[in-house]
Amino acid sequence: MPKYFTADYVLPVSSKPIPNGVVAFSEAGEVIGIYSKDSEELSGKAIEQHRGILVPGFINTHSHLELAHLRDQVPQHEGLIEFVKRVIGLRQFDEAEIAAAMKAADQEMYDNGIVAVGDISNRIVSKKVKQQSKLYYHTFIELIGINPAKAKEIFQKGLELKDEFAPLPNSLSPHAPYSVSKELMREIDAYCKKHENLISIHNQETEEENKFYRYRTGKFLDLYEFLKQDISFFKPQARNSLQTFTPTFPENQRILLVHNTYTSIKDIYFVKRFNRDVYWCFCPKANLYIENRLPKVDLFLQQELTITLGTDSYASNDKLCILSELKNLHQQFPHLQLTETIRWATLNGARFLGIDKTFGSLEKGKKPGLNLITYTDQLNLSTESGLKRII
Ligand SMILES: [Zn+2]
């Protein structure tokens with residue numbers, strides 16, 4: 001039996017918001033109709049009534065399931081370098097504990113209305129949770145290593161991990177400009193010429209990354225020393241990390257730049273000139289947790305860039321909840337339109353992950369999930385707004 005749902009607004013995302021609209025789902029969770037409130041097709045139908053806004057299931061484009069056991073383990077506002085050092089120091093946990101934390105994180109994302117996740121993995125540990133999950137996962141096999149001499153070896157290990165993750169959707173991805181050599185980027189690019197391979201890379205999460213690239217100074221030198229990493233080969237590039245890295249991005253793949261907290265207008269112009277298929281992911285709560293700062297959101301809006309959202313991991317967040325990220329953004333940038341930011345939280349992420357035939361909008365034939373955002377005022381969130389997963 002089809003089910004019909006209505007609320008103050010239905011937000012299909014791919015089309016205009018419908019006041020008191022109705023969306024119908026089949027038992028299999030497929031959208032079978034979207035109606036205005038007076039549609040004749042609704043006569044005699046039992047319609048489930050809600051207060052609030054109905055939206056499609058959320059897409060979380062940046063998480064690290066394998067860090068789910070690090071909740072409350074890392075102090076806030078110490079900056080990215082200290083954060084990285086602490087996380088490295090915290091990697092020794094019991095396997096059963098890690099497995100239980102990942103399972104709980106997966107369940108929490110489900111409860112918070114997330115239907116698909118782009119998840120960064122260095123190890124195979126999250127495979128079982130992903131296999132058993134009700135969520136769709138794309139795993140980014142993370143390649144790390146700034147030493148050019150090791151590029152081939154690191155890439156080979158990545159390929160082996162990729163095989164282990166199969167048949168789950170996955171691709172090979174660089175970690176961040178400060179932890180990947182141009183040689184390793186060349187290995188990835190060569191692979192991308194022959195295979196479909198989504199790319200996700202951490203970008204400008206700290207100003208130190210730019211300092212290191214421009215002048216070869218700053219706190220990254222301490223980090224490399226801490227890691228006993230010889231970087232004598234590295235020459236200052238006289239430009240920000242993103243400008244240095246953009247030419248190394250594969251031309252034929254979708255690329256997600258994650259964080260962008262210290263991305264400037266010049267960086268954006270630079271990226272635009274190179275004509276890569278770039279998506280920009282914000283993880284507002286993780287940024288506030290680590291660096292206590294947010295990206296210059298208005299720049300990205302003015303430049304009409306394609307934005308997605310991510311929760312990052314429990315190492316830098318108290319929740320894995322896209323609505324919390326939205327509430328935070330709207331609080332800090334009150335002029336943002338919910339119709340715009342819901343697109344970041346749904347359709348844009350689905351397009352990046354290549355799953356928009358199923359997810360991302362309320363359209364006939366899709367199985368996008370259905371969330372109710374409560375305590376809304378017209379098309380605005382309130383501080384009380386919460387989420388109820390309907391489908
Ligand atoms: Zn991350």
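This text follows the structure it describes.
In this text the structure is predicted, and so the values were computed from the model without any measurement. (Residues numbered from 1 in each chain as written. Predicted model: local features only at pLDDT ≥ 70, side-chain atom pairs only at ≥ 80, totals over all residues. Heavy atoms only, no water.)

A. Region of interest: helix α2 (residues 95-111). The terminal C-alpha atoms of α2, which comprises 17 residues, lie 24 Å apart, in line with the 24 Å expected from a rise of 1.5 Å per residue. Within α2, burial applies to I98, A101, M102, A105, D106, E108 and M109. Seen along its axis, α2 keeps its buried residues to an arc of 160°; they face one direction. Away from its buried face by more than 90 degrees, α2 exposes A96 and K103. (Helix = DSSP H or I, 4+ residues; strand = E, 2+ residues; numbered from the N terminus. Expected span 1.5 Å × (residues − 1). Buried < 20%, exposed > 50% of the residue type's maximum accessible area, 1.4 Å probe, protein only. Arc of directions from axis to C-beta.)

B. The arrangement of the nonpolar core in detail. Membership of the largest hydrophobic core comes to 91 residues, with the highest contact counts inside it found for F58, W280, L326 and I342. If we skip the residues at most four places from it in the chain, W280 touches L242, L256, L257, N260, T263, I268, V271, F300, L305, T306, I307 and T308. V258, C283, F352 and L353 belong to the second largest nonpolar core, which has 17 residues in total. (Core = buried A, V, L, I, M, F, W, Y, C linked by side-chain atoms within 4.5 Å. Contact = heavy atoms within 4.5 Å.)

C. Examining the sheet that holds strand β1 (residues 3-6) more closely. The strand order β5-β4-β1-β6 describes an open sheet built from 4 strands, whose pairing is mixed. If you trace the sheet from one side to the other, it starts and ends with β5 (31-35) and β6 (47-49), each paired once. Neighbour-to-neighbour, the strand axes of the sheet open up by a mean angle of 25°, direction not taken into account. Bridging between β1 and β6 involves 3 bridges; their strand directions are parallel. (Pairing = 2+ DSSP bridges. Axes fitted to C-alpha atoms, helices over the stretch in contact; angles between N-to-C directions.)

D. Focus on the layout of surface pockets. Taken as a whole, the largest pocket encloses approximately 680 Å³ of empty space. Around the largest pocket, the lining is made up of 31 residues, and of these V84, I88, I144, H175 and S179 lie nearest the centre. Looking at the lining of the largest pocket, the elements with two or more residues in it are α1 (80-89) and α7 (219-226). Taken together, the residues of the lining of the largest pocket break down into 14 nonpolar, 11 polar and 6 charged. If you add up the space inside the second largest pocket, you get close to 240 Å³. (1 Å grid on protein atoms, 1.4 Å probe; cavity = no way out; pocket = protein on both sides within 12 Å on 5 of 7 lines; lining within 4 Å. Points joined across faces, edges and corners; volume = space filled by probe spheres on them. Nonpolar A, V, L, I, M, F, W, Y, C, P; charged D, E, K, R; others polar.)

E. Structural detail: helix α12 (residues 322-332). Counting buried positions along α12 gives 8 out of 11 residues, so the element sits mostly inside the fold. All of the buried residues along α12 are I322, L323, S324, E325, L326, N328, L329 and H330.

F. Layout of the sheet that holds strand β9 (residues 114-121). One open sheet accounts for 4 strands, arranged β8-β9-β10-β11; its pairing is parallel. For this open sheet the edge positions go to β8 (58-63) and β11 (170-174), each flanked by a neighbour on one side alone. Ignoring strand direction, the axes of neighbouring strands in this sheet form an average angle of 20°. Bridging between strand β10 (residues 136-143) and β11 involves 5 bridges; their strand directions are parallel. Its bridge partner lying in β11, E142 is registered against S173. Here helix α4 (residues 151-165) sits on the sheet and contacts β9, β10 and β11; the angle it forms with β10, its principal contact strand, is near 160°. This element, helix α5 (residues 182-194), spans β10 and β11 of the sheet and lies at about 150° to β11.

G. The environment of P56, seen in detail. Tracing the backbone shows P56 in strand β7 (residues 53-56). Between the C-alpha atoms of P56 and A345, which are 289 residues apart in sequence, the distance is 9.2 Å. When neighbours within four sequence positions are excluded, P56 is seen to be in contact with L11, P12, V13, T346, G360, S361, L362, P368, G369 and N371.

H. Representation of the coordination of the zinc ion. In the first shell of the zinc ion, the protein supplies H62 (NE2), H64 (NE2) and H202 (NE2), at 2.0 to 2.2 Å from the metal. Spacing between the donor residues of the zinc ion along their common chain follows H-x1-H-x137-H. The exposure class of H64 is buried, given its relative accessible area of 10%. (Donors = N, O, S within 2.8 Å, 3.2 Å for Na, K, Ca; no water.)

I. Fine view of empty space enclosed by the protein. Under the counting rule described, the total for this entry stands at 1 cavity of 30 Å³ or more. Lining the largest cavity, in full, are S63, H64, L65, A68, A105, M109, D312, S313, Y314 and L320. Broken down by class, the residue content of the lining of the largest cavity amounts to 6 nonpolar, 3 polar and 1 charged.

J. Representation of the packing of helix α6 (residues 207-215) against α7 within the structure. Running from amino to carboxyl end, α6 crosses α7 at an angle of 90°, the nearest separation of the two axes being 8 Å. On the basis of the axis angle, α6 is roughly perpendicular to α7. Mapping the contact onto sequence places E208, E209 and F212 in α6 and K219, F220, L221 and Y224 in α7. Classifying every residue of the contact of α6 with α7 by side-chain character gives 4 nonpolar, no polar and 3 charged. (Parallel < 35°, antiparallel > 145°, perpendicular 65-115°, else oblique.)

K. Molecular detail of the pairing of β8. In terms of burial, β8 is a largely internal element, 6 of the 6 residues being buried. In this sheet, β9 lies alongside β8 in parallel orientation, the contact comprising 4 bridges. Of the residues in β9, the one forming a bridge with I59 is A116.

L. Quick peek at the side chain of N60. Relative to the helices and strands, N60 resides in strand β8. A polar contact is formed between the side chain of N60 and the backbone nitrogen of H62, at a distance of 3.3 Å. Leave out the neighbours within four places in its chain, and N60 touches M109, I114, A116, V117, G118, L309, G310, T311 and I322. (Polar contact = N/O pair within 3.5 Å; in protein donor to acceptor, adjacent residues only side chain to side chain.)

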